[in-house]
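Residue-level structure breakdown
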Amino acid sequence: TAHVDHGKTTLADSLCEHNGIISERYAGTMRYLDSMEEEQRRGITIRSSAIALKHTYRPVKKPGVKTAAGNNKDFVIHLID
């Protein structure tokens, strides 16, 4: 939850770009989850939209620290903008 103009839609676009849904060129400007024509025209979110994104957490290997092989974890992130 954040106030008006705090970057929620820009963050949503960036997460969609990271998951290969939109190109890097459009991330932050496309307003992918703002599907209504009025939202696009005015640059505001009127109705909420939801999307589920898959994320695989891969722990960073640190020198001298033993980690189990295959320690990756899959998550589903439910994003509402």
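Not measured: the values here are computed from a predicted model. (Residues numbered from 1 in each chain as written. Predicted model: local features only at pLDDT ≥ 70, side-chain atom pairs only at ≥ 80, totals over all residues. Heavy atoms only, no water.)

A word on the nonpolar core. Counting residues in hydrophobic clusters, the biggest one holds seven residues: Ala-12, Cys-16, Ile-22, Leu-33, Ile-51, Leu-53 and Leu-79. Looking at this core, the elements with two or more residues in it are helix H1 (8-18) and strand E1 (50-57). (Core = buried A, V, L, I, M, F, W, Y, C linked by side-chain atoms within 4.5 Å. Buried < 20%, exposed > 50% of the residue type's maximum accessible area, 1.4 Å probe, protein only. Helix = DSSP H or I, 4+ residues; strand = E, 2+ residues; numbered from the N terminus.)

Among all positions in H1, only Thr-9, Ala-12, Asp-13 and Cys-16 are buried. With its buried residues spanning 100° around the axis, H1 presents them on a single face. Taken together, the buried residues of H1 touch E1 and strand E2 (73-80). Trailing H1 by a residue or two, Gly-20 shows a phi angle of about 80°, which is positive. (Arc of directions from axis to C-beta. Contact = heavy atoms within 4.5 Å.)

The next thing to look at is a nonpolar patch on the surface. Taken together, the side chains of Ile-21, Tyr-26, Met-30 and Tyr-32 define a hydrophobic patch exposed on the protein surface, amounting to about 340 Å² of accessible area. Its place among the elements puts Tyr-26 in the loop between H1 and helix H2 (37-42). Overall, Tyr-26 belongs to the partly exposed group, its relative accessible area being 40%. (Patch = residues over 30% accessible without salt bridge, like charges linked within 9 Å, V, L, I, M, F, W, Y side chains within 5 Å. Areas by Shrake-Rupley, 256 points an atom, 1.4 Å probe, with all protein chains shown as cover. Salt bridge = Lys/Arg side-chain N within 4 Å of Asp/Glu carboxyl O.)

Take the pattern of salt bridges next. Enumeration over the complete set of coordinates arrives at three salt bridges. Ionic pairing is found between Asp-34 and Arg-31, a salt bridge with its closest N-O pair at 2.6 Å. A relative accessible area of 1% means that Asp-34 is categorised as buried. Overall, Arg-31 belongs to the buried group, its relative accessible area being 19%. The partner of Glu-38 in a salt bridge is Arg-42, and the shortest N-O contact between them spans 3.5 Å. Taken as a pair, Glu-38 and Arg-42 lie in helix H2 at a separation of four residues, close to a single helical turn. According to the relative accessible area criterion, Arg-42 is partly exposed, its value standing at 49%.

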